[in-house]
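Next come the chains, spelled out residue by residue.
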Amino acid sequence: MRVQVAIIGSGPAGLLLGQLLYKAGISNVIIEQRSKEYVLGRIRAGVLEQGTVDLMDEAGVGQRMHAEGLVHDGTELCFKGERHRIDFKKLVNKTVMIYGQTEVTRDLMDAREAEGLTTVYEAHNVSVHDFDGAHPKVRYEQDGVTHEVQCDFIAGCDGFHGVCRASVPQDALRTYERVYPFGWLGILSDTPPVSHELIYCNHERGFALCSQRSPTRSRYYVQCSLDDKAENWSDEAFWAELRLRLDEEAAANLITGPSIEKSIAPLRSFVAEPLRFGTLFLAGDAAHIVPPTGAKGLNLAASDVRFLWQAMVDHYRGNQVALEHYSERCLSRIWKAERFSWWMTSLMHRFPDTGEFGQKIQEAELAYLVGSTAAATSLAENYVGLPFQD
Ligand code: FAS
Ligand code: PHB
């Protein structure tokens with residue numbers, strides 16, 4: 001097979017890039033190690049920045065998102081038993097869209113199939129070759145046969161544990177990492193959300209988050225220890241712990257029900273630099289990871305894809321500038337999102353060394369945040385997504 005761009009990974013980054021390149025007339029194939037069902041079964045992000053919404057529209061897949069997504073004008077911070085609203089609309093005249101990553105993935109997969117584009121699922125032993133030269137190749141095995149894809153570029157959209165970053169010579173890569181000493185135990189339930197917007201809770205027992213997917217489906221998280229296991233938590237135990245971390249009104253209004261998914265996600269900050277190695281370009285979780293506290297993971301993946309799509313379109317029109325500046329343009333935005341995600345995580349979670357003094361400092365910072373227009377505006381403009389400096 002020969003295409004202009006070989007995309008590794010059928011997550012949101014790979015699918016969004018594939019759709020945008022197709023609409024620009026640039027041929028591409030997606031090579032995915034898992035089955036379509038497995039990819040769709042992963043429960044992940046829930047908040048889309050306006051920039052991501054715009055990119056979904058640009059890709060021609062925004063219809064269901066606008067029909068079923070929930071536009072949120074703000075969010076609530078809960079601490080010392082009280083909730084305080086951060087009004088995005090009033091502070092920065094922007095909103096966010098609540099629309100699950102699963103639905104984003106489904107919309108992109110459906111569009112790709114409708115256009116008759118190729119995604120190779122359950123590709124095994126995927127490997128990337130000669131990306132330091134002008135004729136990169138991708139190889140994979142399927143049904144006992146080894147296949148080769150010849151291309152102009154390889155887009156490494158294969159996530160944190162993918163093969164692309166791992167194939168880069170280690171001396172060509174610099175990585176930066178912080179692993180957090182706790183995880184998020186998440187539950188999905190077909191119950192009405194406890195509030196019409198998200199609630200981020202700082203509590204001395206640990207962080208909690210009340211999120212949602214629709215008026216009838218909720219997503220909740222409680223901070224848990226790293227050695228905890230989802231199977232150790234009955235639904236009842238989860239609901240009881242969540243109630244302890246909420247304010248009185250939310251605890252009283254919480255409608256519980258059986259979990260339809262329950263999992264623990266570790267939290268990490270990670271950046272690999274640079275994002276380009278010859279004709280191999282990293283995008284999304286393949287290049288960076290943020291703790292989900294700032295709702296940046298999926299949105300940062302979309303941000304990389306925006307730059308890579310524009311750069312590849314320019315390349316085929318004879319202009320190499322954007323491709324040459326891809327890495328630095330992404331990294332400028334990546335590091336600001338890493339900072340915000342680290343700051344929100346540090347502010348909202350109970351660390352082993354937080355102690356009573358640390359709890360008082362967190363509560364003081366939160367009280368300052370909700371009482372200062374300047375501080376609340378800073379949170380709002382980061383949460384809704386910093387503007388693109390084109
Ligand atoms: P993805 O990891 O989504 O996709 C990479 C794809 O590449 C996968 O389908 C994988 O199977 C495939 N792949 C891997 N290795 C391969 C190989 N060798 N060959 C071929 N294919 C290969 N973000 C938020 O904003 N909010 C959240 O609440 C949130 N929760 C999360 C919970 C968990 C458990 C995880 C892991 C992440 C979470 N994230 C969250 C972040 C998440 O949404 C990512 O930012 C988003 O999936 C990034 O998309 P991709 O870069 O496409 O990577
Ligand atoms: C989610 O709905 O899964 C979600 C929302 C906001 C976050 C993290 C996760 O910050």
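Cut-offs applied
Residues numbered from 1 in each chain as written. Chains lettered and ligands numbered in written order. Predicted model: local features only at pLDDT ≥ 70, side-chain atom pairs only at ≥ 80, totals over all residues. Heavy atoms only, no water. Near = heavy atom within 4 Å. Polar contact = N/O pair within 3.5 Å; in protein donor to acceptor, adjacent residues only side chain to side chain. Areas by Shrake-Rupley, 256 points an atom, 1.4 Å probe, with all protein chains shown as cover. Helix = DSSP H or I, 4+ residues; strand = E, 2+ residues; numbered from the N terminus. Nonpolar A, V, L, I, M, F, W, Y, C, P; charged D, E, K, R; others polar. Domains from an automatic or database assignment. 1 Å grid on protein atoms, 1.4 Å probe; cavity = no way out; pocket = protein on both sides within 12 Å on 5 of 7 lines; lining within 4 Å. Points joined across faces, edges and corners; volume = space filled by probe spheres on them. Buried < 20%, exposed > 50% of the residue type's maximum accessible area, 1.4 Å probe, protein only. Contact = heavy atoms within 4.5 Å. Core = buried A, V, L, I, M, F, W, Y, C linked by side-chain atoms within 4.5 Å. Axes fitted to C-alpha atoms, helices over the stretch in contact; angles between N-to-C directions. Parallel < 35°, antiparallel > 145°, perpendicular 65-115°, else oblique. Left-handed = near helix turned anticlockwise from the far one by under 90°. Salt bridge = Lys/Arg side-chain N within 4 Å of Asp/Glu carboxyl O.

The next point concerns the site of ligand 2. Taken together, 14 residues form the shell around ligand 2, and within it Tyr200, Ser211, Arg213, Tyr221 and Pro292 come nearest. In the environment of ligand 2, an oxygen atom lies 3.3 Å from a nitrogen or oxygen atom belonging to the backbone of Arg44. Taking Tyr200, its side chain carries an N or O atom lying 2.8 Å from an oxygen atom of ligand 2. Notes on ligand 2: free accessible area 280 Å², of which the protein chains cover 97%. Those elements that provide at least two residues to the shell around ligand 2 are β15 (208-214) and β16 (217-224). Of all the elements, β15 adds the most residues to the shell around ligand 2, at three residues. The residue inventory of the shell around ligand 2, partitioned by class, reads eight nonpolar, three polar and three charged. When we break the shell around ligand 2 down by domain, the ones giving at least three residues each are domain 1 (5-72 + 99-177 + 268-347) and domain 2 (180-267 + 350-383).

Turning next to empty space enclosed by the protein. The final tally for this structure, using the stated rule, is four cavities of 30 Å³ or more. For the largest cavity, the calculated volume is near 120 Å³. Around the largest cavity, the lining residues are Glu49, Lys296, Asn299, Leu300, Ser303, Arg333, Lys336, Ala337, Phe340, Asn382, Gly385 and Leu386. Broken down by secondary-structure element, the contributors of at least two residues to the lining of the largest cavity are α9 (297-316) and α11 (326-348). Here the lining of the largest cavity gets four residues from one element, more than from any other, and that element is α11. Across the lining of the largest cavity, the residue classes tally to four nonpolar, four polar and four charged.

Okay, the site of ligand 1 next. Around ligand 1 sit 30 residues, and of these Glu32, Arg42, Arg44, Gln101 and Asp285 come closest. Here an oxygen atom of ligand 1 and a backbone polar atom of Asp285 are 2.9 Å apart. Taking Gly297, its main chain carries an N or O atom lying 3.2 Å from an oxygen atom of ligand 1. About the coverage of ligand 1: the protein hides 85% of its 990 Å² of free accessible area. Where the shell around ligand 1 is concerned, the elements lending two or more residues are α1 (12-23) and α9.

Now for helix α13 (residues 373-383). In an α-helix there are 3.6 residues to a turn, and that puts residues three or four apart on one side. Taken together, the buried positions of α13 are occupied by Ala375, Ala376, Leu379, Ala380, Asn382 and Tyr383. The positive-phi residue at the C-terminal boundary of α13 is Gly385, with phi of around 110°.

Attention now moves to the layout of surface pockets. As a volume, the second largest pocket reaches approximately 310 Å³. Thr102, Glu103, Leu188, Arg213 and Arg217 are, among the 16 residues lining the second largest pocket, the residues nearest its centre. Of the residues forming the lining of the second largest pocket, the biggest block, four residues, is contributed by helix α6 (residues 101-114). Here the lining of the second largest pocket gathers at least three residues from each of two domains, domain 1 (5-72 + 99-177 + 268-347) and domain 2 (180-267 + 350-383).

A few words now on the environment of Val71. Along the chain, Val71 turns up in strand β4 (residues 70-72). Separated by 60 residues in the primary sequence, Val71 and Gly11 have C-alpha atoms spaced 23 Å apart. For Val71, the contacting residues outside a window of four places in its chain are Thr95, Val96 and Met97.

Turning to the nonpolar core, a few remarks are in order. Counting 79 residues, the largest nonpolar core has Leu16, Leu17, Ile31, Val138 and Met312 as its most contacted members. It is α9 that provides the largest number of residues to this core, a total of 11 residues. Core analysis: the second largest hydrophobic core is formed by 32 residues, Trp184, Phe207, Leu209 and Phe351 among them.

So, on to the packing of helix α12 (residues 355-371) against α13. For the pair α12 and α13, the least separation of the axes is 5 Å and the interaxial angle reads 95°. It follows that α12 is roughly perpendicular to α13 by the angle criterion. Residue-level contacts link Tyr368, Leu369 and Gly371 of α12 to Thr373, Ala375, Ala376 and Leu379 of α13. Here the contact of α12 with α13 is composed, by residue class, of five nonpolar, two polar and no charged.

All right, on to the packing of helix α3 (residues 50-58) against α9 then. In a packed pair of helices, the relevant descriptors are the angle between the two axes and the axis-to-axis distance. In contact at an axis separation of 9 Å, α3 and α9 are set at 50° when each is read in the N-to-C sense. With respect to each other, α3 and α9 are oriented oblique. Crossing of α3 over α9 shows left-handed handedness. Contact residues: α3 offers Thr52, Leu55 and Glu58, while α9 offers Asn299, Ala302, Arg306 and Trp309. When its residues are assigned to classes, the contact of α3 with α9 shows three nonpolar, two polar and two charged.

Right, let's talk about the pattern of salt bridges for a bit. Scanning all chains against the criterion turns up 22 salt bridges. Where Arg333 meets Glu49, a salt bridge forms, and the shortest distance between an N and an O atom there is 3.9 Å. Here Arg333 is found in helix α11, whereas its partner Glu49 is found in the loop between β3 (47-48) and α3, with 284 residues between them in sequence. Here Arg333 matches Glu49 in class, with each residue buried. Among the salt bridges present, the one from Arg219 reaches Glu261, with a minimum N-O distance of 2.8 Å. Separated by 42 residues along the polypeptide, Arg219 in strand β16 and Glu261 in strand β17 (residues 259-273) bring together distant segments of the chain. No difference in accessibility class separates Arg219 from Glu261, as the two residues are buried.

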